[in-house]
Amino acid sequence: MSSTDRTSAVAAPRLGAGAAVLSSECDGARGPGWLTQTAPFALHIVITAAPLDLGAAYDAVVHPSAGAVATFVGTTRDSHGGRPVSRLEYEAYSPMALRQLAAIAGEAWEASGRALTAVFIAHRIGHVPVAEASVVVYASSPHRGEALAAVGAMIDSLKARVPVFKREWYSDGSEPAWKANAECGGCRIAHAPASGAAAAPPSPRAEAAPGAVGAHRPADPAAGHAADLPAAGLPAVDLLGLPAARARIAQLEAQLARLQR
Amino acid sequence: MSAQVSVALLLFGRLRDSLGRDTVEVLAAPSATLQELLGACAARFPAGFLDGCLLAVGEEFCDAPAEATVSTLLDATGTRQAVEVALIPPVSGG
């Protein structure tokens with residue numbers, strides 16, 4: 001699919017009862033896009049190649065009936081694992097990312113006892129220099145507890161299951177590396193015997209690689225800490241049921257919390 | 001054999017980078033499951049290519065690739081003889 005393909009509307013994600021006035025647009029599978037709804041809570045989601053506008057995020061959620069605005073801003077850090085980072089590069093499967101983010105916001109709204117007034121989530125794609133924002137999550141509610149909890153839950157869910165992909169670039173000349181979030185379920189495609197039912201070579205660069213599917217090891221050791229995370233004692237999640245993936249995420253988060261104590 | 005269906009595999013991140021393209025077209029029998037389809041492709045991809053990947057169809061994660069057949073996807077999307085399947089490497093947003 002080329003970046004000029006235009007998806008005029010993204011199908012409505014599953015939201016709480018009464019979701020209304022949800023509209024969205026996406027510039028192809030990988031381009032910028034947006035999604036907005038006005039009820040049952042105000043929701044704005046943006047995927048953009050432009051620098052993120054924190055003022056616009058605040059304006060989108062501040063409301064006379066809300067006494068609290070909680071925020072999270074994720075920014076590019078200048079080092080990772082002792083290596084100097086020059087910038088991060090993001091790409092998104094944009095239509096799906098919009099749907100996932102809307103679903104995540106809907107879940108946060110439900111979890112808050114439907115107390116959220118408004119949610120704004122934006123993710124930048126393309127290159128994001130050090131100390132610039134790659135992601136913002138803002139929420140408002142009548143009292144602070146719901147908004148604070150919702151922001152934490154939404155950024156955790158974003159990191160676990162929204163199809164956005166990050167490559168880290170270094171200033172010491174080392175090869176840039178694709179990353180994997182520790183929160184990512186890390187599901188694996190199970191071994192599937194090749195069958196006559198499916199056919200046709202997919203790639204001119206194809207080469208025989210027996211056992212490639214389902215090999216229980218990280219594809220790329222440089223792909224980040226997630227691969228090294230507590231694989232021990234946790235069963236590999238085969239061919240991703242999403243419920244299983246979510247359960248694994250919860251397990252990993254609990255394990256991480258214990259390790260951090 | 002019934003007419004083969006064109007399946008577009010959308011590639012992202014590491015996958016797109018390693019093949020140098022963002023889409024791979026494959027032909028599949030309507031009776032093939034997604035798992036069989038990927039199994040047939042795997043031997044022709046670089047080693048480890050599919051490790052840690054998820055599948056998405058219709059912009060939702062596919063819960064049961066061993067059960068979803070190409071023909072059911074055709075029916076579900078109501079499209080012509082073409083299906084789009086996204087290969088989602090480990091996500092790293094935020």
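I will try to describe carefully the structure that is included in this document. None of the values given here were measured: they were computed from a predicted structure. (Residues numbered from 1 in each chain as written. Chains lettered and ligands numbered in written order. Predicted model: local features only at pLDDT ≥ 70, side-chain atom pairs only at ≥ 80, totals over all residues. Heavy atoms only, no water.)

A word on the sheet that holds strand β1 (residues 23-26) of chain A
Two strands in a sheet stick together by hydrogen bonds in their backbones, pointing the same way (parallel) or opposite ways (antiparallel). Residue and element names in this part refer to chain A. With mixed pairing, 6 strands are arranged side by side in an open sheet as β1-β2-β3-β7-β9-β4. Strand pairing shows two members of the sheet lacking a second neighbour, β1 and β4 (68-75), which therefore form its edges. Each neighbouring strand pair of the sheet contributes to a mean axis angle of 5°, computed without reference to strand direction. The strands that helix α1 (residues 54-61) touches are β3 (42-48), β4, β7 (118-124) and β9 (133-141); relative to β9, the one it contacts most, it runs at about 20°. (Pairing = 2+ DSSP bridges. Helix = DSSP H or I, 4+ residues; strand = E, 2+ residues; numbered from the N terminus. Axes fitted to C-alpha atoms, helices over the stretch in contact; angles between N-to-C directions. Contact = heavy atoms within 4.5 Å.)

Quick notes on the packing of aromatic side chains
Counting across every chain of the model gives 4 aromatic pairs over all chains. Relative to Phe12 of chain B, the ring of Phe165 of chain A lies with its centre 5.6 Å away and its plane at 25°, an arrangement referred to as stacked. One end of the pair, Phe165 of chain A, is in strand β10 (residues 164-170); the other, Phe12 of chain B, is in the loop between β1 (5-11) and α1 (13-19), on a second chain. Take Phe12 of chain B: its relative accessible area is 0%, and that puts it in the buried class. Above the ring of Tyr170 of chain A, the side-chain terminus of Arg83 of chain A is found at 4.0 Å from the ring centroid. Sitting over the ring of Trp169 of chain A, Arg87 of chain A keeps its end group 4.3 Å from the ring centre. (Phe/Tyr/Trp six-rings, centres within 6.5 Å; stacked < 30°, edge-to-face > 60°. Buried < 20%, exposed > 50% of the residue type's maximum accessible area, 1.4 Å probe, protein only. Lys NZ or Arg CZ within 6 Å of the ring centre and 35° of its normal.)

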